[in-house]
Amino acid sequence: MANTPQAKKRARHNEARFAINKMRRSRIRTFLRAVEEAIVAGDQKAAAEALKTAQPELMRGVTKGVMHKNTAARKMSRLASRVKAIA
């Protein structure tokens, strides 16, 4: 366990950041799930709309440091190709 005041503060700070990042990851997954559900349902218009709303959320996750840029790009690319394949 942390002994110095600085280490104790870092531990508190890390817990707070973990909670915030967990919330952001959950939010991103929710948007991705909406796209997945629309794809499974076969509704291309709904899937395209869901993808359009999910893309900024993914990029926000990148700028906030929740996920790597290439990971977000890969997810967007794969979802976009699956949405396009519905047509």
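Structure: see above.
Only a predicted model underlies this, so the values are computations on that prediction, with no experimental measurement involved. Numbering of residues begins from 1 in every chain and follows the order in which that chain's sequence is written. Per-residue local features are limited, in this predicted model, to residues with pLDDT of at least 70; the limit for side-chain atom pairs, both in listing and counting, is 80 or more; totals at the level of whole chains, interfaces and linings are taken over all residues. The basis for every side-chain value is the complete set of non-hydrogen atoms in the structure, without hydrogens or water.

1. What to know about the overall build of the protein chain
Part 1: Each helix and strand in the protein chain was counted, giving 3 helices and 0 strands.
Part 2: A compact globule built from 87 residues would reach a C-alpha radius of gyration of about 12 Å, whereas the protein chain, at 17 Å, exceeds it by more than 25%.
Part 3: Reported as C-alpha extents along the three principal axes, the dimensions of the protein chain are approximately 60 × 20 × 15 Å.
Part 4: Using a 1.4 Å probe on the protein chains alone, a residue whose accessible area is under 20% of its type maximum counts as buried, one over 50% counts as exposed, and one in between counts as partly exposed. Out of the 87 residues belonging to the protein chain, those deemed buried represent 23%.
Part 5: Sequence separation of at least 24 residues holds for 56% of the intrachain contacts in the protein chain that already meet a minimum separation of 6.
Part 6: Of the roughly 6,400 Å² of accessible surface on the protein chain, a fraction of 54% belongs to carbon and sulfur atoms.
Part 7: Under this rule, positive means Lys or Arg and negative means Asp or Glu; His and the chain ends count for nothing. Charged groups are reduced to one reference atom each: NZ for lysine, CZ for arginine, CG for aspartic acid, CD for glutamic acid. Measuring between centres, the 21 positive side-chain charges of the protein chain sit 12 Å from its 6 negative side-chain charges. Strands here are runs of E lasting at least two residues and helices are runs of H or I lasting at least four, both read from the DSSP assignment and numbered beginning at the N terminus. Atoms considered for the radius of gyration are the C-alpha atoms alone. The globule rule reads 2.2 Å times the number of residues to the power 0.38. Contact definition: two residues touch when any of their heavy atoms are within 4.5 Å. The Shrake-Rupley method, run with a 1.4 Å probe, gives the accessible areas here. Residue values count only the displayed protein chains as cover.

2. A closer look at the packing of helix α1 (residues 5–41) against helix α2 (residues 44–63)
Part 1: Angles shown run from 0 to 180 degrees and are taken between the N-to-C directions of axes, each axis being a line fitted to C-alpha atoms and, for helices, limited to the stretch in contact. Between α1 and α2, the least distance of the axes is 9 Å, while the angle of their chain directions is 160°. It follows that α1 is roughly antiparallel to α2 by the angle criterion. Between α1 and α2 lies a crossing whose hand is left-handed. In this structure, α1 uses Arg27, Ile28, Phe31, Leu32, Ala34, Val35, Ala38 and Ile39 to contact α2, whose residues at the interface are Ala46, Ala47, Ala50, Leu51, Thr53, Ala54, Glu57, Leu58 and Gly61. The labels follow the angle: roughly parallel below 35 degrees, roughly antiparallel above 145, roughly perpendicular from 65 to 115, and oblique for the rest. A crossing counts as left-handed when the near helix is turned anticlockwise from the far one by less than a right angle, and as right-handed when that turn is clockwise.

3. Description of α1
Part 1: For α1, with 37 residues, the first-to-last C-alpha span of 54 Å sits near the 54 Å given by 1.5 Å per residue.
Part 2: Looking at the buried positions of α1, the neighbouring elements they touch are α2 and α3 (69–86).
Part 3: Looking one or two residues past α1, Gly42 carries a phi angle of roughly 85°, positive in sign. One less than the number of residues in a helix, times 1.5 Å, gives the span that helix is expected to have.

4. What to know about the packing of α1 against α3
Part 1: As a packed pair, α1 and α3 sit with axes 10 Å apart at the nearest point and diverge in direction by 25°. Comparing their axes, α3 and α1 come out roughly parallel. The interaxial crossing formed by α1 with α3 has left-handed handedness. In this structure, α1 contributes Leu32, Val35, Glu36 and Ile39 to the contact, and α3 contributes Lys75, Leu79, Arg82, Val83 and Ile86.

5. A closer look at the nonpolar core
Part 1: Membership of the largest hydrophobic core comes to 16 residues, with the highest contact counts inside it found for Leu32, Val35, Ile39, Leu58, Met67, Leu79 and Val83.
Part 2: Elements supplying a minimum of two residues to this core: α1, α2 and α3.
Part 3: Sequence-distant contacts of Val83, defined by excluding residues within four places in its chain, comprise Val35, Ile39, Gln44, Ala47, Ala48 and Leu51. In this description, a nonpolar core means a group of buried Ala, Val, Leu, Ile, Met, Phe, Trp, Tyr and Cys residues linked to one another through side-chain atoms lying within 4.5 Å.

6. Looking at α3
Part 1: Counted at 1.5 Å a residue, the expected span for α3 with its 18 residues is 26 Å, and the 26 Å between its end C-alpha atoms agrees.
Part 2: Taken together, the buried positions of α3 are Ala72, Met76, Leu79 and Val83. With its buried residues spanning 75° around the axis, α3 presents them on a single face. In α3, the exposed residues that point more than 90 degrees away from the buried face are Arg78, Lys84 and Ala85.
Part 3: Packing partners of the buried residues in α3 comprise α1 and α2. Directions from the helix axis toward the C-beta atoms define the arc.

Interpretation note: all reported values are geometric properties and have no functional meaning in isolation.
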